[in-house]
Amino acid sequence: MTGMFRKLYFFLIGLFLALPMIVVAGVSVNEKQTLAFPPKGFSLSWYGEIFLNPEWRNALFASVTLAVLSAALAVAIALPLSWFLWRRVAPWANIFQLIGVAPFTLPPVITALGLLTFWATTGFYGQPWTAVISHAIFFVTLPLVTLSLGFTAIDRSLVEAAATMGADDRTIFRTVVLPLILPYIVSGYAFAFVLSLNEYIVAYMTVGFVMETLPIKIFNALRYGYTPTMASVTILFVATAAVIFSLVARFGDLPKLLGAMASDDK
Amino acid sequence: MRREAPQKIGDYAPLFFPATMLIVFFVVPFATMIAVSFFQRQQGGFYVPAFVLSNYERFLSLFFANVLGFSLMLAVVVAICCVVLALPFTYLLTRMKRKVQIVWLVALLSVLSLSEVIIGFAWSTLFSRTAGITNLLVMAGIMSEAKALLPSFGAVLTGMVYQAFPYTVLVLYPALVRLDPTLTEAARTLGASPVKAFFTVVVPALRNTIVATLIMVFIFALGSYLLPQLLGRPQHWTLSVLITDQAIYQSNMPFAAAMAVFLVLVTLGLVALTVMAGRKGEAA
């Protein structure tokens, strides 16, 4: 009886999570440019449209470039910071950890508006590279949290052994720390990459008037009428996220990663 | 190698790049925003440096009070819905096989990473007349005619619960993983049904976690900037939507900044509450 109830409960939650995606997947295979569900006819041409239509292709290219670069910059900011906090006793330096977590804790519109006023004041407003820095700051929380988790997991006796054998900081970092921390770098990068790909408000407020990322393109398309391409892009995004998170789960310890991530949030 | 305090100035070198980036591109923009909130707006969307309180004075209107009241009410309802739905779910999830857990976690993360644009688009499709869920009901013979379910408060609420549900599960997950399983076992041995054990043992044991989660989901829901706009009517706009609208479409940066500062203060107050709730939990 309770087993039945539990299955039904999980089924309903699963349905709630999947239903919008099922309908959108249905819409995305319409034969004509209509937003019908169940779909009328079957065609995968709307998926081709993402790559063939120059507007959508440019948006895809902009989004992927932005995500690749900003996630890399986020990791570049987070790695030395969390290494320093792990290696040194410097309580005041924790303030930077706090600043790094702030953009993710505050409502996103605040970070977006702060960056908008900043870029407008400095005169760089609209430059594509400002979006890279903005996203890197906005998402630095993710590698910061995975990396501080990774560093606490390192057995200090390993490092001590290396130091006793005469290795300096640089050698220890390259031969001991880096191999141990690599999975956490990768998962931090993956989280930042996927979220940057999907991010709308910060991108819109920094470069929204001069270039379109995919979420901006979808939003603009929403205002000027529907096209099934929006549906196919959505499915592409969900699939990308699912594949990347599956890979993280396959090569890392996802429950552990999430167990610590959320507790760090508090 | 033990952790040690930095000996010489060179030991601080690794801190240089991260600290510079965070200060220049987060602290300074934040300060810029606060400064702009006191600036004087000019016709045509520009603003000049000044120190005026007129942007803050606009909070004293009935319109603003309505928006604020609605934003807070909506975020409270979303937080309660999410925690009520997610608490038993997360509890049961942590008791499942590892492999099953991972599949659910991947699915939840995928939904969580979706942008609001996509969630808004997906639900507006689901609630639309031409492609909506009502078509399925018509096919099943339950309804006679398909109809649009949006814009409406129900649509806004559904979309926001959808957005915040995975977040709620992931916030609850670590606390529930660590929950001592012998607690419920003891209750079961003494003859409590699983449902009774859940409500009389698990829920009280997690009281502080639940309060902290409610506040975190509340803050998360306050940040929703597109769903009320895409799925609701103008009276369903929240503070976040209004800030975006003022900054982008009305080009009134000083007023948008003033509202953002206000939103930060509300959020920080709530974070302080969360921390205090957490402290109490540790003491107990």
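Residues numbered from 1 in each chain as written. Chains lettered and ligands numbered in written order. Predicted model: local features only at pLDDT ≥ 70, side-chain atom pairs only at ≥ 80, totals over all residues.

Side note on the overall build of chain B
Then, number 1: Secondary structure assignment for chain B yields 13 helices and 2 strands.
Then, number 2: Taking 2.2 N^0.38 as the reference for a compact globule, 284 residues should give roughly 19 Å; the C-alpha atoms of chain B span a radius of gyration of 24 Å, well beyond that estimate.
Then, number 3: Along the first, second and third principal axes, the C-alpha atoms of chain B reach 75 × 70 × 30 Å.
Then, number 4: Burial analysis of chain B (284 residues in total) assigns 43% to the buried set.
Then, number 5: Contacts in chain B between residues at least 24 apart in sequence constitute 68% of all its contacts with a sequence separation of at least 6. (Helix = DSSP H or I, 4+ residues; strand = E, 2+ residues; numbered from the N terminus. Rg over C-alpha atoms; globule rule 2.2 N^0.38 Å. Buried ≥ 20, exposed ≤ 12 C-beta atoms within 10 Å, placed from the backbone. Contact = placed C-beta atoms within 7 Å.)

Comments concerning the interface of chain A and chain B
Accessible area lost during the coming together of the parts is what is often quoted as the interface size.
Then, number 1: On the chain B side, the residues contacting the 75 residues of chain A number 72 residues.
Then, number 2: For the side of chain A that touches chain B, the class distribution of residues is 57 nonpolar, 11 polar and 7 charged. (Nonpolar A, V, L, I, M, F, W, Y, C, P; charged D, E, K, R; others polar.)

A closer look at unusual backbone geometry
Then, number 1: Even without being glycine, B:S251 reaches a positive phi, approximately 50°.
Then, number 2: Looking at the secondary structure, you find B:S251 in the loop between α12 (239-248) and α13 (253-283).

Structural notes on the confidence of the model for chain B
Segments scoring low in pLDDT should not have their predicted coordinates read at a detailed level.
Then, number 1: On average, residues of chain B score 84 in pLDDT, and 96% of them reach the 70 mark or higher.
Then, number 2: Scoring the predicted complex yields pTM 0.88 and, for the interface, ipTM 0.85. (pLDDT = per-residue confidence, 0-100.)

A word on the packing of helix α3 (residues 54-87) of chain A against helix α9 (residues 169-198) of chain A
Residue and element names in this part refer to chain A.
Then, number 1: Contact pair α3 / α9: the axes reach a minimum separation of 8 Å and the direction vectors enclose 140°. In terms of orientation, α3 lies oblique with respect to α9. In this structure, the crossing between α3 and α9 has a hand that is right-handed. In this structure, α3 uses S63, L66, A67, S70, A71, A74, V75, A78 and L79 to contact α9, whose residues at the interface are I185, G188, Y189, A192, F193, S196 and L197. (Axes fitted to C-alpha atoms, helices over the stretch in contact; angles between N-to-C directions. Parallel < 35°, antiparallel > 145°, perpendicular 65-115°, else oblique. Left-handed = near helix turned anticlockwise from the far one by under 90°.)

Some points on the nonpolar core
Then, number 1: Among the nonpolar cores identified, the biggest contains 169 residues, and A:A74, A:L113, B:V217, B:A221 and B:A260 are the most heavily contacted of them.
Then, number 2: For this core, the element with the highest residue contribution is α3(A), accounting for 17 residues.
Then, number 3: Ignoring sequence-local partners within four residues, the contact set of B:A221 consists of B:L74, B:A75, B:V78, B:A79, B:M160 and B:A164. (Core = buried A, V, L, I, M, F, W, Y, C linked by C-beta atoms within 7 Å.)

Observations concerning helix α4 (residues 98-113) of chain B
Then, number 1: An ideal rise of 1.5 Å per residue puts 22 Å on 16 residues; α4(B) measures up with 22 Å between its terminal C-alpha atoms.
Then, number 2: Those residues of α4(B) that fall on the buried side of the exposure criterion are B:L105, B:V106, B:L108, B:L109, B:S110, B:V111, B:L112 and B:S113. (Expected span 1.5 Å × (residues − 1).)

Regarding the environment of A:T141
All names here are of chain A.
Then, number 1: Relative to the helices and strands, T141 is located in helix α7 (residues 141-152).
Then, number 2: C-alpha of T141 to C-alpha of S157: the two residues are 16 residues apart in sequence and 28 Å apart in space.
Then, number 3: If we ignore the near neighbours within four places in the chain, the residues touching T141 are G100, V101, P103 and F104.

Thoughts on the confidence of the model for chain A
Then, number 1: Averaged over chain A, the pLDDT score is 86; the fraction of residues at 70 or greater is 97%.
Then, number 2: Low confidence marks residues 260-266 of chain A, where pLDDT is under 50. Its contacts with residues over four positions away, or in another chain, come to 13 contacts.

Re helix α5 (residues 116-126) of chain B
Then, number 1: Within α5(B), 11 of the 11 residues are buried, which leaves it mostly tucked inside the rest of the structure.
Then, number 2: Residues of α5(B) that are buried: B:E116, B:V117, B:I118, B:I119, B:G120, B:F121, B:A122, B:W123, B:S124, B:T125 and B:L126.

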